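# Summary of the model geometry
Listed below, chain by chain, are the residues.
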Amino acid sequence: MTIRVLIADDQMMVRQGFTVLLNAEPGIEVVGQAVDGLDALEKAAELAPDVVLMDIRMPRLGGIDATRRLTEVPGSAVRVLVLTTFDLDEYVYEALRSGASGFLLKDASAAELAQAVRVVAAGDALLAPNITKRLIAEFSRVSAGPRAPSRERVADLTERETEVLSLIAQGLSNAEIAVRLVVAEQTVKTHVSRILVKLGLRDRTQAAVFAYESGLVRPAGY
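Notes on the structure in this doc start here.

Cut-offs applied
Residues numbered from 1 in each chain as written. Predicted model: local features only at pLDDT ≥ 70, side-chain atom pairs only at ≥ 80, totals over all residues. Heavy atoms only, no water. Helix = DSSP H or I, 4+ residues; strand = E, 2+ residues; numbered from the N terminus. Contact = heavy atoms within 4.5 Å. Expected span 1.5 Å × (residues − 1). Buried < 20%, exposed > 50% of the residue type's maximum accessible area, 1.4 Å probe, protein only. Arc of directions from axis to C-beta.

Here serine 214 is to be found in the segment after helix H11 (204-213). Taking C-alpha positions, serine 214 is 7.5 Å from valine 154, a pair spaced 60 residues apart along the chain.

Below is the structure:
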């Protein structure tokens with residue numbers, strides 16, 4: 001199936017450049033461009049993209065609020081991939097908390113861009129685990145501590161599900177988790193699906209954010 005992409009960025013050169021790069025990739029089609037967050041909401045409703053490449057800083061409505069409004073729509077399956085200039089931009093973390101499935105630096109190569117879109121569309125792996133984990137850990141260090149509601153929700157998980165959630169937050173793939181726990185990869189996929197359902201999360205990126213915010217996983221050295 002072709003992955004339908006909407007690009008939301010207030011810079012025309014960025015929109016056009018990413019459009020050219022993605023349309024050259026097999027199985028990916030850019031179905032529209034948006035100049036700001038409000039435009040992105042309108043175009044997403046009209047075009048039903050699978051993935052939205054969302055800039056953070058845009059006029060009228062920024063990427064964080066647009067991401068939240070997109071992902072809060074009941075039954076919405078759209079995935080948001082945040083575009084940023086700096087990989088430790090504080091706003092990226094807020095975007096992840098608001099429902100984004102990952103983030104990508106604007107200077108990414110064509111191959112990295114295409115891979116990011118495919119990964120986010122599949123919803124089965126963290127985008128750039130080493131960078132995403134570092135960003136989440138950075139902001140966990142300066143947070144006010146674990147959130148009580150998150151701690152309570154962890155109690156709904158079985159011991160094995162809690163273990164799997166911890167490994168997801170460490171950036172491990174299903175295959176790597178299967179090796180670590182000495183189980184079949186399909187078993188891991190089942191655990192992941194149950195974790196997402198029990199916690200009301202959209203994907204693995206939200207699961208990783210939840211694990212840090214609940215205090216289940218602590219950044220190295222803390």
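Let us keep going from here.
Attention now moves to the side chain of threonine 19. Among the secondary structure elements, threonine 19 is positioned in helix H1 (residues 12-23). In this view, threonine 19 contacts Ile7, Val30 and Gln33; residues no more than four positions away in its chain are not counted.

This part covers the environment of leucine 157. Mapped onto the elements of the fold, leucine 157 is located in the loop between helix H7 (148-154) and helix H8 (159-169). Residues leucine 157 and isoleucine 195, 38 residues apart in the sequence, show an inter-C-alpha distance of 7.1 Å. Sequence-distant contacts of leucine 157, defined by excluding residues within four places in its chain, comprise Thr162, Leu165, Ile195, Lys198 and Leu199.

Moving on to H1. Between the first and last C-alpha of H1 there are 16 Å, a value that for twelve residues agrees with the 16 Å anticipated at 1.5 Å per step. Turning to H1, its buried residues are Val14, Arg15, Phe18, Thr19 and Leu22. End-on, the buried residues of H1 take up no more than an arc of 130 degrees, which puts them together on one face. Turned more than 90 degrees away from the buried face of H1 sit Met13 and Val20, all of them exposed.

Just geometry here; none of it tells us what the structure is for.
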